[in-house]
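# Observations on the model geometry
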Number of protein chains: 2
Amino acid sequence: MTDLLKTLLPIIEAELQHQIARLDQPRTRPFYEMLTYHMGWSREGSRPDTTGKRIRPILVLLVTSACQSEWLCAMPAAAAVELAHNFSLVHDDIQDNSDKRRGRLTVWKKWGAPMGINVGDALFVISNQAITDLEKYYPSEIALRAARVLHDTCLDLTCGQFLDMSYEKRTGLTVEDYWPMVSGKTAALLAACTHIGALLGGANEEKQEAYRLFGHHLGLAFQVQDDILGIWGDEAMTGKSVASDLVEGKKSLPVLFGLSKQAQFAAHWRPTGITSAQSSQLAAILAAEGAYDYAQNAAREETDKALESLKKAGPLGEAGDVLLALANQLLKRQQ
Amino acid sequence: MTDLLKTLLPIIEAELQHQIARLDQPRTRPFYEMLTYHMGWSREGSRPDTTGKRIRPILVLLVTSACQSEWLCAMPAAAAVELAHNFSLVHDDIQDNSDKRRGRLTVWKKWGAPMGINVGDALFVISNQAITDLEKYYPSEIALRAARVLHDTCLDLTCGQFLDMSYEKRTGLTVEDYWPMVSGKTAALLAACTHIGALLGGANEEKQEAYRLFGHHLGLAFQVQDDILGIWGDEAMTGKSVASDLVEGKKSLPVLFGLSKQAQFAAHWRPTGITSAQSSQLAAILAAEGAYDYAQNAAREETDKALESLKKAGPLGEAGDVLLALANQLLKRQQ
């Protein structure tokens, strides 16, 4: 990890703790503790790696700094995007019926769905409160513009979530249906991070748009890579699948590709009831039908677009170098 | 209904429709329709009275106007508070396992809890977007201040909701535990309505505070009245209870009063399993132990405080008259 990231991470964590401390009142202490549990700070299983990687706040701060502006001032926005991300995770876990997150019981599994819904709602509210804290360091109209970007993004999140849930029951989906869903679920918030970072960095409209597109394509590339790993695992094409997306019936890009081919894969795929053993076989069939190459190609295209956009944005200084290195690392490319 | 209210209501409805239309896109149309269903505009059972009374936006607009300022400019804030209210209703219905709202199936009952959570989230996001629309008519710092009031209020809502849910399993509660819960669940949003209305009306700090307190006490008075009706019904003390709060095990003010007395009522009350017939008897016992008088007295006190605060705020013009009439009507008092 670079020195800059080593400096940023504890300050991000402190800002998140400061924001969530709004709930740290005698009457609501157990409620406050549900949030600190989810954030990875308290109770059983909490370790430094249970907090998540804080990629989103890091992106905000690096972009602000790469615009040669003071990153510390952008801290409330960094906290806001991370809180919005965590709000969506808490609700997503209920919606997906997920028992575990980062190796620990999910909030709803621990305290029930009604409390889980409320914890997600509170994280969302605190995200909104955090973004208005930008007013401490920026003119009101800039703070309001950042808030507007965040709110628009959160609407994209709910739309992506709607599409994802509605796809579970839909047949006849094609790869065309994939992009609007992941644009909302994954890319929108990453695009908001780089967009807001540039806005707070004082970048002009054109540069803001280049940074926004960087985040957007980074998110899409990252998601497609995740889809590939979810079916073929890290040891791709070795025939030994350690991945679970086929078992879980997830309609990822390779699956949508395979389903629309209407060949062997489509004949054998089922949303539920596929065993781990069957999934290895099915993954091989899917690769043979061209889905692996198709997805790799899509990931490559999005990666190229992301790096092109970043180049166009022209990040400067140490933060610029770290941003490029981070992008390459996330995109699994060597510089 | 006064002419002023007749003017306001369709414009409120149009603004709400305009805000929610953000989701009216080809891919998300079914999602959009879940929101319009909840708002009472579409599908089975939608009639003018299924929209709710829109008390909250009316309060915002009347207060702005009673400060002798243009109410039309406050319309985005009016929509924002109503959307925040509806977000909390949609999630509340899931948390309370409620099948019906305003005589129609609840969103989660119709489309499942995962979709219901997402519909609530979207209403909340659109509430946030609506409040930033104030920037069209007000300086950015005023729009941001209104947003901050709304966000702080929404955190109060989640705290009230937490307390309400945690009380279900707690014993040893007293009437002291009641006020923080209803302050969050009911009074906070009404206080935000009158506070934001005054802020947008250009009132000074002192007047804003008087209006805020008016909304706060109005909310508390209203809630206590509702608690009384929930146990003894409209035909109070006739012995014929049409109310269901004892059947549903709700820990309302009279119940908390009765439980802390540790007498006859406390010995017979149970959170579940009380029949309608038993509830009439139990309501009579509770009244005999002084809970009815206690709650009536509390409602009267809050009503007095509300009307005192309103007087101090000094509403002007036609809107001022309507505001006073509305307060009296909500508080079941004759002018």
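These numbers come from a predicted model, not from an experiment.

Parameters and conventions
- Residues numbered from 1 in each chain as written.
- Chains lettered and ligands numbered in written order.
- Predicted model: local features only at pLDDT ≥ 70, side-chain atom pairs only at ≥ 80, totals over all residues.
- Helix = DSSP H or I, 4+ residues; strand = E, 2+ residues; numbered from the N terminus.
- Rg over C-alpha atoms; globule rule 2.2 N^0.38 Å.
- Buried ≥ 20, exposed ≤ 12 C-beta atoms within 10 Å, placed from the backbone.
- Contact = placed C-beta atoms within 7 Å.
- Domains from an automatic or database assignment.
- Nonpolar A, V, L, I, M, F, W, Y, C, P; charged D, E, K, R; others polar.
- Core = buried A, V, L, I, M, F, W, Y, C linked by C-beta atoms within 7 Å.
- Least-squares fit on C-alpha atoms with pLDDT ≥ 70 in both.
- Axes fitted to C-alpha atoms, helices over the stretch in contact; angles between N-to-C directions.
- Parallel < 35°, antiparallel > 145°, perpendicular 65-115°, else oblique.
- Left-handed = near helix turned anticlockwise from the far one by under 90°.

## Considering the overall build of chain A
Looking only at helices and strands, chain A features 14 helices and two strands. Its C-alpha radius of gyration of 20 Å places chain A within 12% of the 20 Å reference for a compact globule of 335 residues. Oriented by its inertia axes, the alpha-carbon framework of chain A measures out at about 60 × 50 × 35 Å. For chain A, the proportion of its 335 residues judged to be buried stands at 52%. Here the analysis covers contacts within chain A between residues at least 6 apart in sequence; of these, 68% occur between residues at least 24 apart.

## Quick notes on the domain arrangement of chain A
Residues and elements named next belong to chain A. Assigned domains of chain A: these are domain 1 (11–150) and domain 2 (204–335). If you average the C-alpha positions of domain 1 and of domain 2, the two centres end up 26 Å apart. Opposite the six residues of domain 1 that make contact, domain 2 presents 10 residues. Taken together, the residues of the side of domain 1 that touches domain 2 break down into four nonpolar, two polar and no charged.

## Notes on helix H10 (residues 253–261) of chain B
Residue and element names in this part refer to chain B. For H10, a buried count of seven out of nine residues is recorded, marking the element as mostly surrounded by other parts of the structure. Along H10, the residues classified as buried are Leu 253, Pro 254, Val 255, Leu 256, Phe 257, Gly 258 and Leu 259. Elements that come into contact with the buried residues of H10 comprise helix H8 (178–200), helix H9 (205–232), helix H11 (264–268), helix H12 (276–288) and helix H13 (291–313).

## Regarding the nonpolar core
A general tendency of soluble globular proteins is for nonpolar side chains to be buried together. Judged by nonpolar contacts, the single largest core of 218 residues is most densely connected at Ala 77, Ala 146 and Leu 150 of chain A together with Ala 77, Ala 146 and Leu 150 of chain B. Looking at this core, you find at least three residues from each of domain 1 (11–150) and domain 2 (204–335) of chain A. Sequence-distant contacts of Ala 77 of chain B, that is, excluding residues within four places in its chain, are made with Val 60, Ile 131, Leu 134, Ala 146, Ile 196 and Leu 200 of chain B.

## Some points on the interface of chain B and chain A
Every contact between the two is made by 38 residues of chain B and, on the other side, 38 residues of chain A. Elements represented by at least two residues in the side of chain B that touches chain A include exactly helix H2 (29–38), helix H4 (75–95), helix H6 (113–132) and helix H7 (140–167) of chain B. In terms of residues, the side of chain B that touches chain A owes the most to one element, H7 of chain B, which gives 16 residues. Residues of the side of chain B that touches chain A, tallied by class, amount to 20 nonpolar, 12 polar and six charged.

## Some details on the relation of the copies chain B and chain A
Between the two copies of this chain, the relationship is a rotation about some axis together with a displacement along it. The transform that puts chain B on chain A rotates by 180° and translates by 0.0 Å along the axis, for an RMSD of 0.0 Å. Here the copies are linked by what is in effect a two-fold axis. By C-alpha distance to the rotation axis, the residue of chain B lying nearest is Ser 140 of chain B, at 2.7 Å. Taken as a fraction of all interface residues of chain B, those also at the interface in chain A reach 100%, which identifies the copy contact as same-surface.

## A look at the packing of H7 of chain B against H8 of chain B
Residue and element names in this part refer to chain B. It is the contact of H7 with H8, at a shortest axis distance of 7 Å, that shows an interaxial angle of 170°. Regarding the angle of H7 to H8, the classification is roughly antiparallel. Split by residue class, the contact of H7 with H8 holds 16 nonpolar, six polar and four charged.

## Structural notes on unusual backbone geometry
Phi is mostly negative for residues that are not glycine, and the peptide bonds are mostly trans. Positive phi values are uncommon outside glycine, yet Gln 262 of chain A reaches one of about 50°. In this structure, Arg 102 of chain B takes a positive phi of about 50° despite not being glycine. Within the secondary structure, Arg 102 of chain B is located in the loop between strand S1 (100–101) and strand S2 (104–105).

## Observations concerning the packing of helix H3 (residues 55–66) of chain A against helix H4 (residues 75–95) of chain A
All names here are of chain A. Between H3 and H4, the shortest axis-to-axis distance is 8 Å and the interhelical angle comes to 155°. Relative to H4, the element H3 is oriented roughly antiparallel. Crossing geometry of H3 relative to H4 is assigned as right-handed. Two secondary-structure elements touch here, H3 through Arg 56, Pro 57, Val 60 and Leu 61 and H4 through Ala 77, Ala 78, Ala 79, Val 81, Glu 82 and His 85. Split by residue class, the contact of H3 with H4 holds seven nonpolar, one polar and two charged.

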